[in-house]
Protein chains: 2
Amino acid sequence: MDPRIEKHARIIVDYSTKVREGDNLLITYSDFGKPLAIEVYKLAASKGASPLIITTPTEAVRGYFEVTPERFLEVFPQHYYELVKASDVVVSIRGEETTRYLSTTEPEKISQRSRTTKPISDEYLEKRWCLTQYPSPSYAQEAEMSLHEYEDFTYSAVLRNWEQEAHAMKRLKDVLDAGKEVRIVGERTDLSLAIEGRVAVISDGTQNLPGGEVYTSPLEDSAQGEVYFDVPSVAYGKEVRDIWLRFEDGEIADSSAGKNEDLLKTMIETDSGSKRLGELGIGTNRGIDRYTRNILFDEKMAETIHLAIGRAFKNCKGVNESSIHWDMIKRLVPGEIRVDGHVIQKDGRFTWE
Amino acid sequence: MDPRIEKHARIIVDYSTKVREGDNLLITYSDFGKPLAIEVYKLAASKGASPLIITTPTEAVRGYFEVTPERFLEVFPQHYYELVKASDVVVSIRGEETTRYLSTTEPEKISQRSRTTKPISDEYLEKRWCLTQYPSPSYAQEAEMSLHEYEDFTYSAVLRNWEQEAHAMKRLKDVLDAGKEVRIVGERTDLSLAIEGRVAVISDGTQNLPGGEVYTSPLEDSAQGEVYFDVPSVAYGKEVRDIWLRFEDGEIADSSAGKNEDLLKTMIETDSGSKRLGELGIGTNRGIDRYTRNILFDEKMAETIHLAIGRAFKNCKGVNESSIHWDMIKRLVPGEIRVDGHVIQKDGRFTWE
């Protein structure tokens, strides 16, 4: 076995979820990820926790949507709910055999099912939870890498000294918490956002693993100026390239894209909240040096910022409501982040680094 | 996919457990068996049930026993209990990557853990449950077959017309229920057993799949005579061959074996109940034509009977108590089964066939 799998499990159990005696631990994976699930299982058991593994093969999920009559999409899986309710820790391992397994499933069915099972997802978030990645062939393919290279990539992002990373991110959080205005300057980009009264949150590897971003929710009326996202973005399985947005008083006044512009415009028009920003995130994970079409990694990439249109975060004191939350990523090399007029990052380096 | 997997799933869902709208269905497998689990999942979903798959990889179980400090063997997995409690149907699929995965684990640890999790196993038995087999390479190897041959073997045992099988077994049950004494005559064998007042039970494919036996618990003081088991028997992973037992007033008075005789004698001496019979079973499954070192199949083999020393069955009104229940199988070609002096089976054929 790749010894990095055991190191990954150690971070999940010891650091991210701090498994201890008596914990009821739930581990979930889809197709790949069994070796990591087993290592987490064993480590948790050695500490006196009770591990249990749920698997939801992607073919079971796809088949479910194919064969289930519409009226049964509202059937609530009570036993699953009871299981999650009685759990203390949930570890979710991503590793679908193909990331496109729902590409021919009607989106309305997926939404309907999500609404039915929302009490379960809500219950999940009440636990000590960790969402992480197993380096599967499908994700390597999305990343345009060999599996070997993708394993290296995954572990360089995940196997970090998270206490140290968290310490470094704290510096950025303090600056944002004390600041009133953020300005992003770069190629075809000069955007101002108000952040006064909002709270910056550190993604320190305890919930998202890899972590590596500091994010907040800007004031929903404040965005002013233009921004160009050089990193491709994905919505409903389709790639949207070269997104450019111009904001006036928080709202998108103009937009364009080099590929799938129609989809961009449709997304923006989803509801009133989807015309405004819900998130500003600043990536800090230097183990992530390229875009791999996986938002769990992409938004953490060092030397980038990302903005999401739509739903804001309650834990940042954000208020913007929307049924969507769509992340768009921009490299800031060359570029600058300024807070209240002071440059805090220039060409990808924080001034205190 | 092998189309027989879908047929197997249909028997499980439609016949064995009769899955219906609103059922909370739990599916479990260890290493192999995922394709069958997925088919059961989809079929159950199509009927408006809620399926959920638990996987317990054998390496997780082995590792659990290796790394878990002894005091933690008493930690109760409350979330697992709540899950089973809230389930209506449990389908367990066997298919370990090696059937010997616990061969170096201390048996006391396994017993201790079984005692801790007994409320969960008890809860299982309260449900509509089905225990079945996925034809994995490890079981093919035990059976001394190629995987291809073993798949044919498995499906010839499982994919039967179970209504018809049950009807045929009912005939045998009626004879046993009305009978007072059973006499087994064959090679080195002439054994009498009293069965008056006991209830014969049909294994009709609803719980064990394959089914195919009619069993009862003989009166514990009644066994008289000798019996020779030509089919090898397995205890604690060791094969015991050519077992011969002589009974006096229900108790084993003499015994021998051609291989691992010591183990036989030790097993017999386990406790007071292990010197007496707990079960007489008559195999009826004509899809099972050979011994494969898998008791789920072996005891159902047509043209055989089996006797178990130790624990009797409550549902047969049996009373013998023991911590063991060890099945030993005998081919009855040539041979006879007589009930109250009437031959009911001769050289493997029932007189009414």
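Residues numbered from 1 in each chain as written. Chains lettered and ligands numbered in written order. Predicted model: local features only at pLDDT ≥ 70, side-chain atom pairs only at ≥ 80, totals over all residues. Heavy atoms only, no water.

Asks: Requested: an account of the sheet that holds strand β13 (residues 243–248) of chain A, with residues and values cited.
Replies: Residues and elements named next belong to chain A. Strand order in the open sheet made by the eight strands is β14-β13-β10-β6-β5-β18-β19-β20, with antiparallel pairing throughout. Of all the strands in the sheet, the pair left with one neighbour each is β14 (251–256) and β20 (349–350). The pairing of strand β5 (residues 181–186) with strand β18 (residues 335–339) spans five bridges and is classified as antiparallel. Looking at β18, one finds that V185 is bridged to E336. Packing against the sheet, helix α10 (residues 261–268) makes contact with β13 and β14, and its axis sits at approximately 170° to β14. (Pairing = 2+ DSSP bridges. Helix = DSSP H or I, 4+ residues; strand = E, 2+ residues; numbered from the N terminus. Contact = heavy atoms within 4.5 Å. Axes fitted to C-alpha atoms, helices over the stretch in contact; angles between N-to-C directions.)

Asks: Break down helix α5 (residues 107–116) of chain A for me, with residues and values.
Replies: Residues and elements named next belong to chain A. Along α5, the residues classified as buried are K109, Q112, R113 and T116. Viewed along the axis of α5, the buried residues span an arc of 95°, placing them on a single side of the element. Buried residues along α5 sit against α3 (58–67) and α6 (118–125). (Buried < 20%, exposed > 50% of the residue type's maximum accessible area, 1.4 Å probe, protein only. Arc of directions from axis to C-beta.)

Asks: With reference to specific residues and values, describe the pairing of strand β9 (residues 213–216) of chain B.
Replies: Residue and element names in this part refer to chain B. Burial of the side chains of β9 extends over both faces: E213 and Y215 are buried on one face and V214 and T216 on the other. As judged from the three bridges shared by strand β7 (residues 201–203) and β9, these two strands associate in the antiparallel manner. Paired with V201 across the bridge in β9 is Y215. Taken together, the four bridges between β9 and strand β15 (residues 277–283) define a ladder with antiparallel strand orientation. Bridge assignment links T216 to a residue of β15, and that residue is L280.

Asks: Break down the state of the cysteines for me, with residues and values.
Replies: Residues and elements named next belong to chain A. Per the stated rule, a full pass over the model turns up zero disulfides over all chains. No disulfide involves C316; its sulfur sits 19 Å from that of C130, the nearest cysteine. Residue classification places C316 among the buried residues on the basis of a relative accessible area of 0%. (Disulfide = S-S within 2.5 Å.)

Asks: Explain the side chain of T292(B) to me, and be specific about the residues and the numbers.
Replies: Of note, T292(B) is situated in the loop between β15 and α11 (295–298). The contacts of T292(B), once residues within four sequence positions are left out, are E142(B), A143(B), M145(B), F153(B), F297(B) and D298(B).

Asks: For the confidence of the model for chain A, give the residues involved together with the corresponding values.
Replies: Looking at chain A as a whole, the pLDDT averages 96, with 100% of positions reaching at least 70. For this predicted complex, the interface confidence score (ipTM) comes to 0.92, while the overall pTM stands at 0.94. (pLDDT = per-residue confidence, 0-100.)

Asks: So, the environment of N315(B): which residues are in play, and what are the values?
Replies: Residues and elements named next belong to chain B. The residue N315 is located in the loop between β16 (304–310) and β17 (325–331) in this model. Residue class for N315 comes out partly exposed when judged on its relative accessible area of 42%. For the pair N315 and S203, spaced 112 residues apart in sequence, the C-alpha separation works out to 12 Å.

Asks: Describe the pattern of salt bridges, naming the residues involved and giving the relevant values.
Replies: When the charged atoms of two side chains with opposite charge come close together, those side chains can pair. Inspection of the entire model under this criterion finds 74 salt bridges over all chains. Two residues, D31(A) and K34(B), come together in a salt bridge whose shortest N-O distance is 3.1 Å. Of the two residues, D31(A) sits in the loop between β1 (24–29) and α2 (34–46) while K34(B) sits in helix α2 (residues 34–46), which places them in two different chains. The partly exposed category is assigned to K34(B), whose relative accessible area is 24%. One salt bridge in this structure joins E106(A) and K109(A), with 3.9 Å as the shortest N-O distance. Judged by relative accessible area, K109(A) falls into the buried class, the value being 12%. Salt bridges sharing common partners tie together E39(A), K42(A), E59(B), R62(B) and E66(B). (Salt bridge = Lys/Arg side-chain N within 4 Å of Asp/Glu carboxyl O.)

Asks: Please give an account of the domain arrangement of chain A that cites residues and values.
Replies: Residues and elements named next belong to chain A. Examined at the domain level, chain A breaks down into domain 1 (3–159) and domain 2 (163–350). On a C-alpha basis, the centroid separation for the pair domain 1 and domain 2 is 26 Å. Listed as interface residues are 24 residues of domain 1 and, on the opposing side, 20 residues of domain 2. When domain 1 packs against domain 2, the two sides together hide about 1800 Å² of surface, and 55% of this comes from carbon and sulfur. Looking only at domain 1, the three residues that lose the most surface to domain 2 are Y15, W129 and F153, adding up to 32% of its buried area. Applying the counting rule to domain 1 against domain 2 returns one salt bridge. (Domains from an automatic or database assignment. Buried area = accessible area lost by both parts, 1.4 Å probe.)

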